[in-house]
Amino acid sequence: MNDRPRLILASGSRWRRQLLERLGLSFTWASPDIDETPRPEEPPAELVHRLALGKALRLANDYPDHLIIGSDQVAVFEDDILGKPGNAATACATLSRFSGRRVRFITGLALIDTARDWQRVCHEHYDVVFRNLSTAEIERYVDREQPFDSAGSFRMEGLGITLFERLEGDDPNTLIGLPLIRLCALLREAGLDPLLDSLPSQGSS
């Protein structure tokens, strides 16, 4: 009997794993290797749809009879699609552009059922209004958090909250990279109810 979890997260991000753990569902994860380069003039919503679905599909042959979650995120600012900065200089330059401005984060979400060739793809957005940031604040933030693998050059999970004036959107988990409200709806549609099928919580003594 195959005792692997039926739910798979197609991501190497520990932040997405931590978010999914909140639902109390048994799952495992694997990091898919796909080309995340945007296509010429590809709209951001189409990009995150393609990449989220591509990540899930990349694992499909390895996990038959499973539900696979894929997700991808970009920041959109002044019609530019911004991914992960990769280094300190790019991160500082990005945050300097964001100072005092509104930035939209778009997170694509895919769920596929490899047992019955079923799939759903959608996206959620979340807006961040940055406060006016000094060069010293930006450099200090980047040095402390080194957010080189995060779209938008900050981590909401840590000191990123110090950069903002306000946040606007339906689901703050979207900003971290996995919109849980929409994911719960997709899981229920696929026949996995997070409330009914989650592991029982451990009570404190």
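Parameters at a glance
Residues numbered from 1 in each chain as written. Predicted model: local features only at pLDDT ≥ 70, side-chain atom pairs only at ≥ 80, totals over all residues. Heavy atoms only, no water. Helix = DSSP H or I, 4+ residues; strand = E, 2+ residues; numbered from the N terminus. Rg over C-alpha atoms; globule rule 2.2 N^0.38 Å. Buried < 20%, exposed > 50% of the residue type's maximum accessible area, 1.4 Å probe, protein only. Lys, Arg positive; Asp, Glu negative; His and termini not counted. Charge placed at Lys NZ, Arg CZ, Asp CG, Glu CD. Phe/Tyr/Trp six-rings, centres within 6.5 Å; stacked < 30°, edge-to-face > 60°. Lys NZ or Arg CZ within 6 Å of the ring centre and 35° of its normal. Salt bridge = Lys/Arg side-chain N within 4 Å of Asp/Glu carboxyl O. Contact = heavy atoms within 4.5 Å. Arc of directions from axis to C-beta. Axes fitted to C-alpha atoms, helices over the stretch in contact; angles between N-to-C directions. Parallel < 35°, antiparallel > 145°, perpendicular 65-115°, else oblique. Left-handed = near helix turned anticlockwise from the far one by under 90°. Nonpolar A, V, L, I, M, F, W, Y, C, P; charged D, E, K, R; others polar. Pairing = 2+ DSSP bridges.

**Q** Give a detailed account of the overall build of the protein, specifying residues and quantitative values.
**A** Of regular secondary structure, the protein possesses 7 helices and 7 strands. N-terminal to C-terminal, the α/β element order of the protein is β-α-β-α-β-β-α-β-β-α-β-α-α-α. Taken over the C-alpha trace, the protein has a radius of gyration of 18 Å; the compact-globule value for 205 residues is 17 Å, and the two agree within 12%. Taken along the three principal axes of its C-alpha coordinates, the protein extends 60 × 55 × 25 Å. Counting all 205 residues of the protein, 47% fall into the buried class. Positive and negative side-chain charges in the protein, numbering 24 and 31 respectively, have mean positions lying 2 Å apart.

**Q** Tell me about the packing of aromatic side chains, and name the residues and values.
**A** Counted according to the given criterion, the structure contains 6 aromatic pairs. Plain terms: the ring middles of F105 and F154 are 5.2 Å apart, the flat faces sit at 85 degrees to each other, and that makes the pair edge-to-face. Placement of the pair is F105 in strand β5 (residues 102–113) and F154 in the loop between α4 (135–145) and β7 (164–169), with a sequence separation of 49 residues. Accessibility assignment for this pair places F105 and F154 in one class, buried. Joined through ring pairs, the aromatic side chains of F77, F98, F105, F130, F154 and F164 make up one cluster. Its end group placed over the ring of W29, R17 keeps NZ or CZ at 4.0 Å from the ring centre.

**Q** An account of the pattern of salt bridges is requested, with residue identities and associated values reported.
**A** On inspection of all chains with the given rule, the structure shows 17 salt bridges. K55 is paired through a salt bridge with E36; the nearest N and O atoms lie 3.9 Å apart. Taken together, the residues span a long stretch of sequence, with K55 in helix α2 (residues 44–58) and E36 in the loop between β2 (27–30) and α2 at a distance of 19 residues. Of the residues examined, E36 reaches a relative accessible area of 34% and is grouped as partly exposed. Close ionic contact of R97 with E78 constitutes a salt bridge, the shortest N to O distance being 3.4 Å.

**Q** Which residues make up the environment of S31, and what values go with them?
**A** Relative to the assigned elements, S31 resides in the loop between β2 and α2. Residue class for S31 comes out exposed when judged on its relative accessible area of 52%. Separated by 19 residues in sequence, S31 and G12 have C-alpha atoms that sit 4.5 Å apart. The residues contacting S31, other than those within four sequence positions of it, are S11 and G12.

**Q** Give a description of helix α6 (residues 180–189) that names residues and reports values.
**A** Of the positions making up α6, those classed as buried are L180, L183, C184, L186 and L187. Taken around the axis of α6, the buried residues stretch over an arc of 165 degrees, which confines them to a single face. G191, located one to two residues past α6, shows a positive phi value of around 100 degrees.

**Q** An account of the packing of helix α3 (residues 88–98) against α4 is requested, with residue identities and associated values reported.
**A** Two elements in contact, α3 and α4, have axes separated by 10 Å at closest approach and are oriented at 140 degrees. Here α3 lies oblique to α4, going by the angle between them. As for how α3 packs across α4, the hand of that crossing is right-handed. Between α3 and α4, the residues in contact are A88, A91, C92, L95 and S96 and I138, E139, Y141 and V142, respectively. For the contact of α3 with α4, the per-class residue count stands at 7 nonpolar, 1 polar and 1 charged.

**Q** Before we move on, can you summarise the pairing of strand β3 (residues 67–77) with the specific residues and values?
**A** Among the 11 residues in β3, 11 count as buried, and that is most of the element. The side-chain alternation of β3 yields two buried faces, one formed by L67, I69, S71, Q73, A75 and F77 and the other by I68, G70, D72, V74 and V76. Note: strand β1 (residues 7–10) against β3, 4 bridges, orientation parallel. The residue of β3 that forms the bridge with I8 is I68. Of the pairings in the sheet, the one linking β3 to β5 comprises 10 bridges and is antiparallel in character. The partner of V74 across the bridge, within β5, is I106. Taken together, the 3 bridges between β3 and strand β4 (residues 80–82) define a ladder with antiparallel strand orientation. Along β4, the bridge assignment pairs F77 with D80. A loop of 2 residues connects β3 with β4, the two strands running antiparallel in sequence, and E78 in this loop sits at a positive phi of about 50 degrees.

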